[in-house]
Amino acid sequence: MKFKGIPVSDGLAVGKCKIFLADVDCEIYSIDNVIREQRRFKTCVAKVKKELLETIEAIEKGDRLNGDEANIFKAHIQILEDPLFYNEIFNRIKIIKKNVESVINVVVKELTDKFEKSGNEVLAERTVDIKDLGYRIISRLTHKQPLKIKDLDGTIIIAKELTPTQLLHLASEGVAGICTEKGGITSHVAILSRSLDIPALSGVKNIVEYLGDGEYIVIDTEENEILFNLSDKELDKYVFLRRQYQKMIKKRRATKKLSSVTKDGKKINLAANLSLIEEVQKMKEYGVNNVGLYRTEFLFMDREDIPSEEEQFRHYKKLGDSFKGDYLVIRTLDAGGDKNISSINNIHEENNPFLGWRGIRICLDKKEVFKTQLKAILRAAAFSNIMLLYPMINSSEQYEKIMEIFDECVFELKKTKTVFNEEIKKGILVEIPSAAYYMDYFSQKIDFFSIGTNDMLQFLLAVDRTNDKISNMYSWYNKALFSIMNEIVTKATKYNKKVQVCGEIASDPLCLPVLIGLGIHSLSMVPSAIPKIKLLLRSFSVDECKEITNTVLNMDRDTEIKSFLSGRFKEFMGREELINEMSEMWEGK
Amino acid sequence: MKSLKLKIKNKLGIHARPASMIVDAAMKHSGNIKLIANGIVADAKSILSIMMLAAECGTEIEITAENNSDDDKAADDIKNLFERKFDED
């Protein structure tokens with residue numbers, strides 16, 4: 001079993017899980033001596049302030065955290081002394097004549113409610129700071145250990161949400177990983193766990209209710225997954241992988257400066273598939289300069305409204321500004337299939353969502369949504385080399401409709417004298433088999449092709465790979481897939497158009513020579529796969545690839561193709577000095 | 001008494017960090033310093049009340065300073081932070 005999340009701090013963690021319930025329990029009792037209770041509060045606040053100052057000093061001096069984190073705790077001191085917090089608690093003790101701990105809980109609750117109800121996301125995120133302070137003061141007052149749980153060494157903490165103080169305490173206890181329901185990539189937990197090198201996953205819904213203390217779980221930020229109910233064998237594999245992880249990361253970074261050329265000097269573009277702007281960082285670490293597929297769905301998810309043209313424009317522009325590269329391919333909204341966007345579609349109402357209302361079909365029906373996005377992309381393209389990619393195209397008529405809408409956008413942008421790039425490069429995702437039969441048409445209309453092999457194979461074989469009963473039939477060592485790819489590339493080449501592959505096959509080392517042999521010009525994949533593909537690429541020549549491709553195209557059986565490719569792969573692995581470099585990178589995979 | 005108006009220029013608006021910077025600046029002066037935005041009045045020495053303005057980019061904001069020996073300086077100090085976009089963009 002596994003849940004998906006957003007990776008906020010990279011790494012692999014294996015361990016027993018511990019559910020961490022953050023609510024601060026405290027007794028509630030009436031008091032007679034108001035002055036004494038207020039004094040208790042005052043003294044404690046002074047201690048907490050001192051503690052915070054020490055934390056700040058330790059952060060600024062220390063080498064574990066990089067200094068920016070100190071700002072979090074500086075703001076905490078300001079909140080501590082804030083009249084809305086301090087005076088409110090101080091005065092409230094006199095009014096309700098209850099012990100200070102319970103008063104703190106009440107005031108914290110009131111303040112966080114106000115923040116959460118503001119509807120302002122940034123504000124709502126900051127409630128964690130107020131809760132954190134409440135937690136800190138109460139822990140001090142009750143002389144309880146900041147965290148009641150002990151023996152956390154090597155455990156993975158599961159929580160709805162963690163405050164910065166809690167996280168620092170957990171880190172000092174030696175936790176192995178963190179998984180939270182709330183909090184995104186910019187949250188405190190994200191920033192701190194990255195600095196502390198603790199693997200962390202956020203945005204995993206309902207995980208607290210799902211898991212029990214003591215279960216063995218795995219956090220794998222390569223796959224953005226938290227896994228549980230694992231067999232001993234699977235656990236062993238992850239324990240092994242964890243050991244390899246740090247070594248692997250080092251190796252991967254070491255490939256940064258190598259260029260992606262074959263042994264005989266042909267340059268192949270290697271690019272990243274991204275869904276989040278934050279992933280650019282990882283991409284840069286591996287020396288990748290291009291984005292071959294940017295999925296825009298995340299911009300539309302988890303919200304009630306459609307992001308405005310301005311918001312989208314700023315997002316795409318920021319993305320373009322965030323790296324220096326040759327190109328950034330932005331795919332227009334590809335909702336549907338397995339992707340629900342509450343403001344747009346509901347796949348549960350469809351009998352057959354993968355063959356249903358998805359991709360460009362939705363955009364052509366919801367013209368305003370499409371236009372808003374197109375305009376935003378066109379505008380951002382004035383600032384960096386952005387290219388447009390339309391998903392799920394199946395016919396020439398569909399493309400005619402796209403062109404009409406595109407022209408409308410251009411007209412409207414011109415009318416309002418907005419800066420944009422009319423000459424933006426355009427491509428289609430060839431992922432529906434029928435599109436391959438319109439290659440002459442498309443080659444005259446567009447600038448490049450990208451083959452989406454995941455959907456292409458699913459449609460070619462009529463196999464739903466999420467269906468366990470038949471998923472073993474989903475194999476890309478397949479004659480039909482390679483043959484249709486061959487047709488696509490041959491046609492495109494006739495018109496001098498480049499072809500990219502952006503499906504999972506692009507990161508499969510076994511298939512790499514076949515793709516190069518077919519004449520694929522660029523490969524786009526998850527950033528973490530790029531280093532190994534780059535190294536392998538450097539070990540063979542284009543002629544060797546062509547020969548492999550020709551052999552494969554003449555094979556009928558999947559198993560035959562796979563074993564042939566495995567054999568060649570082992571041969572490449574044994575070549576020259578690469579053998580040491582690479583073997584470690586592949587172990588366990 | 002000194003009062004001046006301006007528009008928020010930094011993209012993210014007044015979130016925690018800018019609010020924290022405003023408090024730092026306000027604490028250097030005695031007297032009452034207030035920020036007014038969206039019809040809400042905030043105490044410039046209270047980080048929570050400033051954050052509760054939920055003031056975003058483009059929002060018009062008024063800074064007032066009174067009962068202070070150097071009202072002008074107090075208001076100007078805070079205005080400078082806005083002009084500098086809180087060192088963000």
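Model, not experiment: these values are computed from the prediction.

1. A word on the overall build of chain B
And then number 1: Counting its regular elements, chain B contains three helices and four strands.
And then number 2: Seen in sequence order, chain B has helices and strands lined up from the N terminus as β-α-β-β-α-β-α.
And then number 3: Over its C-alpha atoms chain B spans a radius of gyration of 11 Å, differing by no more than 12% from the 12 Å that the globule rule assigns to 89 residues.
And then number 4: Counting the 89 residues in chain B, one finds 49% classified as buried.
And then number 5: Long-range contacts, defined as pairs at least 24 residues apart, comprise 68% of the intrachain contacts of chain B with a sequence gap of at least 6.
And then number 6: Between the mean site of the 13 positive side-chain charges and the mean site of the 15 negative ones, chain B shows a separation of 4 Å.

2. What about the overall build of chain A?
And then number 1: Across its full length, chain A holds 24 helices and 16 strands.
And then number 2: Taking 2.2 N^0.38 as the reference for a compact globule, 589 residues should give roughly 25 Å; the C-alpha atoms of chain A span a radius of gyration of 28 Å, in line with that estimate.
And then number 3: Here chain A holds 589 residues, and 55% of them are scored as buried.
And then number 4: Partitioning the intrachain contacts of chain A with sequence separation of at least 6 by distance along the chain shows that 69% fall at a separation of at least 24.
And then number 5: A total of about 26,800 Å² of accessible surface is found on chain A, and carbon and sulfur atoms cover 49% of it.
And then number 6: Once the 87 positive and 88 negative side-chain charges of chain A are each reduced to a mean point, those two points are 3 Å apart.

3. Quick word on the pairing of strand β4 (residues 156–159) of chain A
All names here are of chain A.
And then number 1: Side chains Ile-156 and Ile-158 project from β4 onto one buried face, and the interleaved Ile-157 and Ala-159 project onto a second face that is buried too.
And then number 2: Bridging between strand β3 (residues 12–20) and β4 involves four bridges; their strand directions are parallel. Paired with Lys-18 across the bridge in β4 is Ile-157.
And then number 3: In terms of strand pairing, β4 meets strand β5 (residues 177–180) through four bridges, oriented parallel. Within β5, the position partnered with Ile-158 by the bridge is Cys-179.
And then number 4: In this fold, β4 hands off to helix α7 (residues 164–172), which returns the chain to β5; that crossover is right-handed.

4. With respect to the nonpolar core
Residue and element names in this part refer to chain A.
And then number 1: Counting residues in hydrophobic clusters, the biggest one holds 117 residues, and the most contacted among them are Tyr-390, Leu-523 and Leu-565.
And then number 2: Counting only domains with at least three residues in this core, you end up with domain 1 (2–22 + 148–230) and domain 3 (247–586).
And then number 3: Non-local contacts of Tyr-390, meaning those with residues more than four positions away in its chain, are made with Thr-332, Ile-360, Phe-370, Leu-374, Tyr-399, Ile-402, Phe-406, Lys-426, Gly-427, Ile-428 and Leu-429.

5. Regarding the sheet that holds β4(A)
Residues and elements named next belong to chain A.
And then number 1: Spatially, β1-β8-β7-β3-β4-β5-β6-β2 is the arrangement adopted by the eight strands of the open sheet, whose pairing is mixed. Either end of the sheet is taken by a strand with one partner, and the two such strands are β1 (2–4) and β2 (6–9). Pairs of neighbouring strands in the sheet enclose a mean axial angle of 30 degrees, with direction left out of account.
And then number 2: With respect to the sheet, helix α10 (residues 232–254) is in contact with β3, β7 (216–220) and β8 (225–227), its orientation differing from that of β3 by roughly 115 degrees.

6. A few points about the environment of Lys9(B)
Residues and elements named next belong to chain B.
And then number 1: Here Lys-9 lies in the loop between β1 (2–7) and α1 (16–27).
And then number 2: For Lys-9, a relative accessible area of 42% gives the class partly exposed.
And then number 3: Sequence-wise, Lys-9 and Asp-24 are 15 residues apart; in three dimensions their C-alpha atoms are separated by 20 Å.

7. What to know about the domain arrangement of chain A
And then number 1: Structurally, chain A comprises domain 1 (2–22 + 148–230), domain 2 (34–141) and domain 3 (247–586).
And then number 2: Spacing between the C-alpha centres of domain 2 of chain A and domain 3 of chain A amounts to 48 Å.

8. Quick word on the state of the cysteines
And then number 1: Using the criterion set out here, one finds zero disulfides over all chains in the structure.
And then number 2: Free of any disulfide, Cys363(A) has its nearest neighbouring cysteine sulfur in Cys409(A), separated by 11 Å.

9. With respect to the pattern of salt bridges
Residue and element names in this part refer to chain A.
And then number 1: Taken as a whole and judged by the stated rule, the model has 35 salt bridges over all chains.
And then number 2: Here Lys-49 ties to Glu-81 by a salt bridge, and the two come within 2.7 Å at their closest N and O atoms. Highlighted residues: Lys-49 in helix α1 (residues 34–61) and Glu-81 in helix α2 (residues 70–81), separated in sequence by 32 residues.
And then number 3: With relative accessibility at 29%, the residue Lys-49 sits in the partly exposed group.
And then number 4: The class of Glu-81 is partly exposed, set by a relative accessible area of 38%.

10. Examining the pairing of β7(A)
The two faces of the sheet receive side chains in turn, since in a regular strand these alternate between them.
All names here are of chain A.
And then number 1: Counting buried residues along β7, four of its five residues qualify, which places the element largely inside the surrounding structure.
And then number 2: Direction of pairing for β3 relative to β7: antiparallel, over a ladder of five bridges. Following the sheet pairing, Ala-13 is matched in β7 by Ile-219.
And then number 3: Counting the residues between successive antiparallel strands, the hairpin from β7 to β8 contains four residues, one of them, Asn-224, with a positive phi of roughly 55 degrees.

11. A look at the packing of aromatic side chains
Residue and element names in this part refer to chain A.
And then number 1: One pass over the full model with this rule turns up 14 aromatic pairs over all chains.
And then number 2: Joined through ring pairs, the aromatic side chains of Phe-370, Tyr-390, Tyr-399, Tyr-438, Tyr-441 and Phe-442 make up one cluster.
And then number 3: Here the basic side chain of Lys-237 rests over the ring of Tyr-238, its NZ or CZ set 5.1 Å away from the ring centre.
And then number 4: Seen from the ring of Phe-383, Lys-317 lies directly overhead, with NZ or CZ sitting 4.9 Å from the centre.

12. Considerations on the packing of α1(A) against helix α3 (residues 86–96) of chain A
Relative placement of two packed helices is described by the angle separating their axes and the distance separating the axes.
Residue and element names in this part refer to chain A.
And then number 1: Two elements in contact, α1 and α3, have axes separated by 8 Å at closest approach and are oriented at 160 degrees. Considering the angle they form, α1 stands roughly antiparallel to α3. When you trace α1 past α3, the crossing you get is right-handed. For the pair α1 and α3, the contacting residues are Val-34, Glu-37, Gln-38, Phe-41, Lys-42 and Val-45 in the first and Tyr-86, Ile-89, Phe-90, Ile-93 and Lys-94 in the second.
And then number 2: Within the contact of α1 with α3, the residues separate by chemical class into seven nonpolar, one polar and three charged.

13. Let's talk about the interface of chain A and chain B
And then number 1: Contact with chain A, which involves 15 residues of that partner, is made by 15 residues of chain B.
And then number 2: Here chain A meets chain B over a buried area of about 1,400 Å², counting both sides, of which 72% is carbon and sulfur.
And then number 3: One can count zero salt bridges joining chain A with chain B.
And then number 4: At the boundary of chain A with chain B, the tally comes to five residue pairs in polar contact (both at pLDDT 80 or more).
And then number 5: Residue composition of the side of chain A that touches chain B, by class: ten nonpolar, two polar and three charged.

14. Comments concerning a negative patch on the surface
Residues and elements named next belong to chain A.
And then number 1: A surface patch of like charges, here negative, comprises Glu-397, Glu-400, Glu-404 and Asp-407.
And then number 2: Looking at where Glu-400 falls in the secondary structure, it is placed in helix α16 (residues 396–415).
And then number 3: Classification of Glu-400 as partly exposed rests on a relative accessible area of 39%.

15. Looking at helix α18 (residues 453–461) of chain A
Residue and element names in this part refer to chain A.
And then number 1: Among the residues of α18, those classed as buried are Thr-453, Asp-455, Met-456, Leu-457, Gln-458 and Phe-459.
And then number 2: Contacts made by the buried residues of α18 are with β13 (425–430), β14 (448–451), α19 (479–494) and β15 (498–501).
And then number 3: Downstream of α18 by a residue or two, Ala-462 has a phi angle that is positive, lying close to 55 degrees.

The rules behind each value
Residues numbered from 1 in each chain as written. Chains lettered and ligands numbered in written order. Predicted model: local features only at pLDDT ≥ 70, side-chain atom pairs only at ≥ 80, totals over all residues. Heavy atoms only, no water. Helix = DSSP H or I, 4+ residues; strand = E, 2+ residues; numbered from the N terminus. Rg over C-alpha atoms; globule rule 2.2 N^0.38 Å. Buried < 20%, exposed > 50% of the residue type's maximum accessible area, 1.4 Å probe, protein only. Contact = heavy atoms within 4.5 Å. Lys, Arg positive; Asp, Glu negative; His and termini not counted. Charge placed at Lys NZ, Arg CZ, Asp CG, Glu CD. Areas by Shrake-Rupley, 256 points an atom, 1.4 Å probe, with all protein chains shown as cover. Pairing = 2+ DSSP bridges. Right-handed = clockwise from strand over helix to strand, strands pointing away. Core = buried A, V, L, I, M, F, W, Y, C linked by side-chain atoms within 4.5 Å. Domains from an automatic or database assignment. Axes fitted to C-alpha atoms, helices over the stretch in contact; angles between N-to-C directions. Disulfide = S-S within 2.5 Å. Salt bridge = Lys/Arg side-chain N within 4 Å of Asp/Glu carboxyl O. Phe/Tyr/Trp six-rings, centres within 6.5 Å; stacked < 30°, edge-to-face > 60°. Lys NZ or Arg CZ within 6 Å of the ring centre and 35° of its normal. Parallel < 35°, antiparallel > 145°, perpendicular 65-115°, else oblique. Left-handed = near helix turned anticlockwise from the far one by under 90°. Nonpolar A, V, L, I, M, F, W, Y, C, P; charged D, E, K, R; others polar. Buried area = accessible area lost by both parts, 1.4 Å probe. Polar contact = N/O pair within 3.5 Å; in protein donor to acceptor, adjacent residues only side chain to side chain. Patch = residues over 30% accessible without salt bridge, like charges linked within 9 Å, V, L, I, M, F, W, Y side chains within 5 Å.

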